[in-house]
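Spelled out from the first residue to the last, the chains are:
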Amino acid sequence: MKGMMKQAGIRGIGVFAPERVLTNRDLEQMVDTDDEWIVNRTGIRERRIVADEMATSDLACLAAERALADAGAASEDLDLIIVATNSPDMLFPATACLVQDRLGARKAGAFDLQAGCTSFLYALTIANNFIATGYYKYVLVIGAECMSRIINWQDRNTCVLFGDGAGAVVVGEVPAGYGILSYHLRSEGSGGPLIALPAGMSRLPASFETVAKRLHYVHMNGREVFKFAVKVLEEGCLKVLAEANLAREDLDYLIPHQANARIIEAAAKRLRLPMEKVFMNIDRYGNTSSATIPLALFEALAGGNIRDGDNLVMSGFGAGLTWGAVAMRWYDYRKEKEVG
Ligand code: UT7
């Protein structure tokens, strides 16, 4: 079967970051915190906050339109749209359906995928399999979040960490030897309470009490998540390298989930990977959950850090608990335009 499989890879990418910047100094006016603590403990200097009139599907559509343009594909070409998000416009209809309608993607199926901050990587692996089997030609994968709408702005443990943004990729067939080489998806549900948004659904339906107790916002045990994160960022990376028959030295670039600069640095150290091979933009966006990896990939490409044939690993973790990684040999689809 494997011999008949196609190679799937990224054939277009686009991002959208809201214009409004919230700095650490701004946060000093809102909660008992300071710029020095935030920079030293997290690496974050500022984050973007969505405009009042916008929601996650709006960010998702803007990123998607740019990704389609980059791919030279039309919305009618899409077979499937997956929105990876933990902050959908509403529980249903799915944000992906709102995006499908807005883009005019008439022949596409659409669904949301929620796996904490690992959602984008989960969605990418699903897209990979639909392309690899030849079942679909183009799958749009979007990581989009309005985290500012689901965090408690009175809780300094969480509100300084998150930001809003979106990144989209068009997944399609790429030439043999390129594209997604391997993936690793895992869950450890026993750690669920470490990051949770407890109220508003069947366990604790919304009530005056849940709102008064602020249970409709993100609650997190940062210290425990930190320890877990360092371990699984490394583990995910090693697993996908091994599965792709690559040695550590073959890894050209790591795109980690951007949750905390100290987590990324600790994982890089365990992997014996110099920081020049690790992308970080958490200083400017904070943790945009499902959007961090496509936002980071976009900026790494724009900065010329990734070239045709480079071996990349994207590795992440998040609520669930979940973690996962994807290894990919970068295909520079933009060179096709230069030739054609
Ligand atoms: O995408 C996945 C989602 N989440 C994560 O990846 C988060 C992972 N965890 C982390 O990034 C870190 O654990 C945090 C940044 C959340 C916290 O850093 P830490 O070094 O683990 O600090 P801590 O939780 O051990 O807290 C140290 C102190 C505490 O004071 P006491 O109890 O020692 O007096 C906190 O109350 O820092 C205090 N603190 C703050 N101080 C100023 C916590 N938040 C703040 C704040 N400003 N914003």
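Whatever comes next refers back to the structure up there.
1. Concerning the sheet that holds strand β13 (residues 322-329)
Inference 1: With mixed pairing, the four strands of this open sheet are ordered in space as β8-β13-β12-β11. The open sheet terminates on both sides in strands that have one partner only, identified here as β8 (179-187) and β11 (253-256). Pairs of neighbouring strands in the sheet enclose a mean axial angle of 15°, with direction left out of account.
Inference 2: Here helix α8 (residues 222-243) sits on the sheet and contacts β8, β11, β12 (311-318) and β13; the angle it forms with β12, its principal contact strand, is near 145°.

2. Observations concerning the sheet that holds strand β4 (residues 80-84)
Inference 1: Taken in spatial order, the five strands of this open sheet run β1-β7-β6-β4-β5, and their pairing is mixed. Edge positions in the open sheet fall to β1 (8-16) and β5 (109-113), since each of these has one partner strand only. Neighbouring strand axes in the sheet, compared pairwise and without regard to direction, differ in orientation by 20° on average.
Inference 2: In this sheet, strand β7 (residues 164-173) lies alongside β1 in antiparallel orientation, the contact comprising eight bridges. Bridge pairing in β7 links Phe-16 to Ala-166.
Inference 3: Against the sheet, helix α3 (residues 56-71) contacts β1, β6 (139-146) and β7, and its axis sits at roughly 130° relative to β1.
Inference 4: Across the sheet, helix α4 (residues 95-103) lies against β4, β5 and β6, angled at about 130° from β4, the strand it touches most.

Basis of the calculations
- Residues numbered from 1 in each chain as written.
- Predicted model: local features only at pLDDT ≥ 70, side-chain atom pairs only at ≥ 80, totals over all residues.
- Heavy atoms only, no water.
- Pairing = 2+ DSSP bridges.
- Helix = DSSP H or I, 4+ residues; strand = E, 2+ residues; numbered from the N terminus.
- Axes fitted to C-alpha atoms, helices over the stretch in contact; angles between N-to-C directions.
- Contact = heavy atoms within 4.5 Å.

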